[in-house]
Amino acid sequence: DLESLEVTYLDNICDILEQLPVSVVNVAIPVDNDEIDHHFGKAKLFYIYQVVKDMVVGGFKCPITKTGHEEVIKTLLEKHVNIVLCDHVGREALEFALSVNMKIIGGFTGKPINAIYKLLSKDIKEDQHTHTYECDDCHDEACDCHKKK
C-alpha cells in the first residue's frame, strides 16, 4: 500500500530530523476535504508540516479522535506542534493554547499549503494570532459572531 509506505518513510524522516542539531518547527493545519477547516475544535484531521529554516522538509496527516479544543490541542502537543494555522479559533481555545506555549494564528482559508507558504514568506499581520470569535458552534459565516473583536 503506497500510502502506508509514504507514512512509514515520513515517520523515519521525522525521527532523523529530530536527532539533527537544527530547530524543527511543527505547523498544524485543520483540514476538511483538502481545504482549511473553518472550525478548529471540531476538525477531524490536521496536516502537520515540518519546517526547518523556512523550508518544508516533511509532513504527515494527524487524525483527531477526540473532540473539544483542549483535547485537540493535547493531541497536537503529542505530535510536538509549535504553531497552528487556522481560520477561526475561540477565545478559550486560544487561551489554552497560549498556556501550553502553542501559537495559534487565525484568518487562513483555502489550501493548507498556501497557508504554509504565507507563514514562510512572513506575510502575516502582527495581530493575526489574536483573532477570537464569540461563537464556536455557529456554522453560518454571515452571522455576527464571526466578526473580529
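Report on the accompanying structure. Only a predicted model underlies this, so the values are computations on that prediction, with no experimental measurement involved.

The number of helices and strands found in the protein is 4 helices and 6 strands. Secondary structure elements of the protein, listed N to C terminal, follow the sequence α-β-β-β-β-α-β-α-β-α. The buried share among the 149 residues of the protein stands at 41%. Pairs at least 24 residues apart make up 53% of the contacts formed inside the protein by residues separated by at least 6 positions. Roughly 8800 Å² of accessible area belongs to the protein as shown, and the carbon and sulfur atoms make up 51% of that amount.

So, about the environment of Pro30. When you line up the elements, Pro30 lands in strand E1 (residues 24–32). Note: C-alpha distance between Pro30 and Gly41 (11 residues apart in sequence) is 8.8 Å. Ignoring sequence-local partners within four residues, the contact set of Pro30 consists of Glu35, Ile36, Asp37, Ala43, Leu45, Phe46, Val84, Leu85 and Cys86.

So, about helix H2 (residues 69–78). Taken together, the buried positions of H2 are Val72, Ile73, Thr75 and Leu76. Looking down the long axis of H2, one finds its buried residues gathered within 160 degrees of arc, a one-sided arrangement. Elements that come into contact with the buried residues of H2 comprise E1, strand E3 (45–52), strand E4 (55–63), strand E5 (81–85) and helix H3 (91–99). Downstream of H2 by a residue or two, His80 has a phi angle that is positive, lying close to 60 degrees.

Turning our attention to the nonpolar core. By size, the foremost hydrophobic cluster in this structure holds 21 residues, and its most contacted members are Phe40, Phe46, Leu76, Val84 and Ile104. Of all elements in the fold, only E3, E4, H2, E5 and H3 reach the threshold of two or more residues within this core. In terms of residue count, the dominant contributor to this core is H3 (4 residues). Beyond its immediate sequence surroundings of up to four residues, Phe40 is in contact with Phe46, His69, Val72, Ile73, Leu76, Val84, His88, Val89, Ala93 and Ile104. Core analysis: the next-biggest nonpolar cluster, separate from the first, contains 15 residues, Tyr47, Tyr49, Ile83 and Ala115 among them.

Turning our eyes to something else, we now look at the pattern of salt bridges. By the definition in use, this model includes 3 salt bridges. Taking the shortest distance from any N to any O, the salt bridge between Lys66 and Glu71 comes out at 3.9 Å. The partly exposed category is assigned to Lys66, whose relative accessible area is 47%. Linked by salt bridges that have partners in common, Lys66, Glu71 and Lys74 make up one network.

Under the criterion given, the structure shown has 2 aromatic pairs. Arranged with centres 5.9 Å apart and planes meeting at 85 degrees, the rings of Phe40 and Phe46 form a pair that is edge-to-face. Given a relative accessible area of 2%, Phe40 falls into the buried group. Residue classification places Phe46 among the buried positions, given a relative accessible area of 0%.

This part covers helix H4 (residues 112–120). Burial in H4 covers these residues: Pro112, Ala115, Ile116, Leu119 and Leu120. Viewed end-on, H4 has its buried residues packed into an arc of 135 degrees, placing them on one side of the element. Where H4 is buried, its residues touch E1, strand E2 (35–36), E3, E4, E5 and strand E6 (103–105). Positive backbone phi, approximately 60 degrees, marks Lys122, located one or two places after H4.

What counts and what doesn't
Note on numbering: residues in each chain are counted from 1, in written sequence order. Given that the model is predicted, a residue must reach a pLDDT of at least 70 before its local features are reported, and side-chain atom pairs must reach 80 or more before they are shown or counted; all residues, however, enter totals for whole chains, interfaces and linings. Heavy atoms throughout the structure, all of them, feed into the side-chain values; hydrogens and water do not. Working definition: helices are DSSP H or I runs of at least four residues, strands are E runs of at least two. Numbering for both runs from the N terminus. Only protein chains enter the accessibility calculation, which uses a 1.4 Å probe; a residue is then buried when its area is under 20% of its type maximum, exposed when over 50%, and partly exposed in between. Note on contacts: a residue pair qualifies if any of its non-hydrogen atoms lie within 4.5 Å across the two residues. Accessible areas in this description were obtained via Shrake-Rupley with a 1.4 Å probe; residue shielding takes into account the shown protein chains only. Working note: the arc is built from the helix axis to C-beta atom directions. The set of buried Ala, Val, Leu, Ile, Met, Phe, Trp, Tyr and Cys residues whose side-chain atoms join them within 4.5 Å is what this entry labels a nonpolar core. Note on definitions: salt bridges are taken to be side-chain nitrogens of Lys or Arg within 4 Å of carboxyl oxygens of Asp or Glu. Between 30 and 60 degrees the pair is tilted, below 30 it is stacked and above 60 it is edge-to-face, where a pair is any two Phe, Tyr or Trp rings, Trp via its six-membered ring, whose centres lie within 6.5 Å.

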